[in-house]
Amino acid sequence: YHYLKEVNDNLYNVVLSFTINGNLNAAILQEAFRELQLRNDALRSVFRWEGVANPVQVILKECSFDFLYHDFSDSGEEETRLAICKLMKADENDRFDLTRLPVRIRTIKLDNSSYALNLAYHHILCDGWSTGILVNELLYSYSKLANGEKPVFKPRADYKELQISINRNAASEVRKQFWRDYLTGYQTQAFFGEQVTLHYESQEVKKHHIRLALPELDTFVRINKVTKAAVIYTAYAVLLQKYSGMQ
């Protein structure tokens, strides 16, 4: 929805950046990601919404991905820094085409013993919980391939079959009854009181941007071992509680 509605925004671009010390073989890294694709259906996914009744996710048997390599080992320190900043901005801001796999892997050689690695993808492919799993599997695959071995993963549920099962059972009476029982006794009320009207005169939505003190937030989440998202969700819940009077 947001991809089609907000054509000039890239709020769902996710970029992971790593600094790697030591030798890195770009060809082996590329092959390691192919191994990851074989294991994870989401990494072979494209999306279609034109000419169909509802948007669909299509899982391909094989799927190419953008793999970019840059060598700045012969460049000056300031030139390298500016070039990396430019590439980082491109990964953050370049809009993905969801009719192709929305993944971009960028390997940057800084010198003979250090590299920068950027993994960019659209959030439609996976959530934050999955990111750590995918990164660990990528590093595992690279390690095995670098030693001349084939990566061997533990078996798990088939993604496609799991999604089909979820969609098939989503409207089942058993599932509906579960939520009826679970929410029994829970009272709801309008969050913002009686003054809120449901009669809208425009489809425009005003956006308010809030700038957070990131260093302080970084310190807080590190000490308390929580995510930044958890802090923001909690603050929003407190805001709603104060406006609604609900406990």
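Residues numbered from 1 in each chain as written. Predicted model: local features only at pLDDT ≥ 70, side-chain atom pairs only at ≥ 80, totals over all residues. Heavy atoms only, no water.

If you tally the helices and strands in the protein, you get 8 helices and 6 strands. For the protein, the sequential pattern of α-helices and β-strands runs α-β-α-β-β-β-α-β-β-α-α-α-α-α. Its C-alpha radius of gyration of 23 Å places the protein more than 25% over the 18 Å reference for a compact globule of 247 residues. The proportion of buried residues among the 247 residues of the protein is 27%. Taking contacts inside the protein between residues at least 6 apart in sequence as the whole, the part at least 24 apart equals 66%. Per element, the accessible surface of the protein, about 18,500 Å² overall, is 56% carbon and sulfur. Between the averaged position of the 30 positive side-chain charges in the protein and that of its 30 negative side-chain charges there is a distance of 4 Å. (Helix = DSSP H or I, 4+ residues; strand = E, 2+ residues; numbered from the N terminus. Rg over C-alpha atoms; globule rule 2.2 N^0.38 Å. Buried < 20%, exposed > 50% of the residue type's maximum accessible area, 1.4 Å probe, protein only. Contact = heavy atoms within 4.5 Å. Areas by Shrake-Rupley, 256 points an atom, 1.4 Å probe, with all protein chains shown as cover. Lys, Arg positive; Asp, Glu negative; His and termini not counted. Charge placed at Lys NZ, Arg CZ, Asp CG, Glu CD.)

Right, let's get into the pairing of strand β4 (residues 66-71). Judged from the 6 bridges that link them, β4 and strand β5 (residues 103-111) form a sheet pairing that is parallel. In the strand pairing of β5, Asp71 is matched with Lys109. (Pairing = 2+ DSSP bridges.)

The next thing to look at is the nonpolar core. With 27 residues, the main nonpolar core has Leu29, Phe33, Val103, Ile105, Leu119 and Leu138 as its most contacted residues. Mapped by element, the contributors of at least two residues to this core are α2 (26-39), β5, β6 (114-122) and α4 (128-146). The element best represented in this core is α2, accounting for 5 residues. Phe72, Leu87, Ile108 and Ala116 belong to the second-largest nonpolar core, a separate cluster that totals 6 residues. (Core = buried A, V, L, I, M, F, W, Y, C linked by side-chain atoms within 4.5 Å.)

Moving on, we come to the side chain of Asn118. Here Asn118 is to be found in strand β6. Judged by its relative accessible area of 3%, Asn118 is buried. A distance of 3.1 Å separates a polar atom in the side chain of Asn118 from a polar atom in the side chain of Asp91. Excluding residues within four positions of it along the chain, Asn118 makes contact with Leu16, Ser17, Met88, Asp91, Arg104, Ile105 and Arg106. (Polar contact = N/O pair within 3.5 Å; in protein donor to acceptor, adjacent residues only side chain to side chain.)

Glancing now at a nonpolar patch on the surface. On the surface, Phe178, Trp179, Tyr182, Leu183 and Tyr186 cluster together into a nonpolar patch covering about 620 Å² of accessible area. For Leu183, the position within the fold is in the loop between α6 (173-182) and α7 (214-224). (Patch = residues over 30% accessible without salt bridge, like charges linked within 9 Å, V, L, I, M, F, W, Y side chains within 5 Å. Salt bridge = Lys/Arg side-chain N within 4 Å of Asp/Glu carboxyl O.)

Attention shifts here to the pattern of salt bridges. Tallying each qualifying case throughout the model produces 12 salt bridges. The residue Arg34 makes a salt bridge to Glu31 at a minimum N-O spacing of 3.2 Å. Placement of the pair is Arg34 and Glu31 together in helix α2, with a separation of 3 residues, close to one helical turn. Judged by its relative accessible area of 32%, Glu31 is partly exposed. Note that Asp91 is salt-bridged to Arg106, the shortest N-O span being 2.9 Å. One end of the pair, Asp91, is in helix α3 (residues 77-93); the other, Arg106, is in strand β5, and 15 residues separate them in sequence. Overall, the relative accessible area of 0% leaves Asp91 in the buried class. Exposure remark for Arg106: the relative accessible area of 5% places this residue in the buried category.

Once that is clear, we can look at the pairing of β5. By the criterion of burial, β5 is predominantly enclosed, with 7 of the 9 residues buried. Following the chain from β4 across α3 to the adjacent parallel β5, one finds a crossover that is right-handed. Where β5 and β6 come together, 8 bridges link them in antiparallel fashion. Within the sheet, the bridge partner assigned to Lys109 lies in β6 and is Tyr115. The turn linking β5 back onto β6 is made up of 2 residues. (Right-handed = clockwise from strand over helix to strand, strands pointing away.)

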